[in-house]
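Report on the structure
The primary structure of each chain is shown beneath.
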Amino acid sequence: MTLTDIPLTTLDGSPTSLADYADRAVLLVNVASKCGLTPQYSALQQLAQNYAERGLAVIGVPCNQFMGQEPGTAEEIQTFCSTTYGVTFPLLAKTEVNGPGRHPLYAELTKTPDPGGEAGDVQWNFEKFLIAPGGAVVNRFRPRTEPDAPEVISAIEAVLPS
């Protein structure tokens, strides 16, 4: 099974998969509403707007595994993201990214090393994975790396389809 074959669910409960984004670059980020890094939503939304026409999709993956920082229901998460940060990019259903309940998507993603060569568990909320068109994971950025950091921007621009 490839990354694009793994079944996913949107925040509103609809089925999806990364195959829906096969012709786009994807920045996939585990997110949380009550985290010190939550303001990264602003930069993620800006990336989604600035690069949509060039073939980037930003996808948020709510996760409550880090100190319970995403406790809300799907409706609460959607309302918070849209009203507080103007988020228009897609959000998936709340997902476990580590441990025995780790979603198959993250079982694959966490095999990818970060720039320091370290693979394995997601460290915290707002860890970012860059997926090239076609579904290959090409970069991993740890939580404190801002979405608009030069290294993230250059990595995105290197894999944009257009």
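Residues numbered from 1 in each chain as written. Predicted model: local features only at pLDDT ≥ 70, side-chain atom pairs only at ≥ 80, totals over all residues. Heavy atoms only, no water.

A short note on the overall build of the protein
Put simply, the rule is: Starting at the N terminus, helices and strands are each numbered in turn, a helix being any DSSP run of H or I of at least four residues and a strand any DSSP run of E of at least two. We compute the radius of gyration from the C-alpha atoms alone; for a globule the expected value is 2.2 Å times N to the 0.38, where N is the number of residues.
Counting secondary structure elements, the protein contains 4 helices and 6 strands. For the protein, the sequential pattern of α-helices and β-strands runs β-β-β-α-β-α-α-β-β-α. Here the protein has a C-alpha radius of gyration of 14 Å; the compact-globule value for 162 residues is 15 Å, and the two agree. For the protein, the spread of C-alpha atoms along the three principal axes comes to 35 × 35 × 30 Å.

Comments concerning the state of the cysteines
A covalent bond bridging the sulfur atoms of two cysteines is what the word disulfide describes. Rules: The term disulfide is used for any two cysteine sulfur atoms that are within 2.5 Å. When a residue's accessible area, from a 1.4 Å probe over protein chains only, is under 20% of the maximum for its type it is buried; when over 50% it is exposed; and in between it is partly exposed.
Inspection of every chain in the model, using the stated rule, returns 0 disulfides. Cysteine Cys 63 is unpaired, with the sulfur of Cys 35 as its nearest cysteine sulfur at 11 Å. Cysteine Cys 81 is unpaired, with the sulfur of Cys 35 as its nearest cysteine sulfur at 12 Å. With relative accessibility at 0%, the residue Cys 81 sits in the buried group.

Quick word on the sheet that holds strand S4 (residues 56–62)
Rule in force here: By the convention used here, strands pair only if DSSP detects at least 2 bridges between them. Helix axes use the C-alpha atoms of the stretch in contact, all axes being lines fitted to C-alpha atoms, and the angles between their N-to-C directions lie in the range 0 to 180 degrees. By definition in these notes, contact holds between two residues if any of their heavy atoms fall within 4.5 Å.
Read across the open sheet, the 4 strands follow the order S4-S3-S5-S6; overall the sheet is mixed. Only two strands of the sheet have a single neighbouring strand rather than two, namely S4 and strand S6 (137–141). Neighbour to neighbour, the strand axes of the sheet diverge by 20° on average, direction disregarded. Direction of pairing for strand S3 (residues 25–31) relative to strand S5 (residues 128–131): antiparallel, over a ladder of 4 bridges. Paired with Leu 28 across the two strands is Phe 129, which belongs to S5. Sheet contacts for helix H1 (residues 40–51): S3, S4 and S5; angle to S4, the most-contacted strand, approximately 150°. Sitting on the sheet, helix H4 (residues 150–159) touches S3, S4, S5 and S6, and the angle it makes with S6 is about 170°.

Focus on the pairing of S6
Relative to S6, S5 runs antiparallel, the two sharing 4 bridges. Each bridged residue has a counterpart across the sheet, and for Leu 130 the counterpart in S6 is Asn 139. In this structure, the hairpin formed by S5 and S6 is closed by a connection of 5 residues, where Gly 134 is found at a positive phi of approximately 100°.

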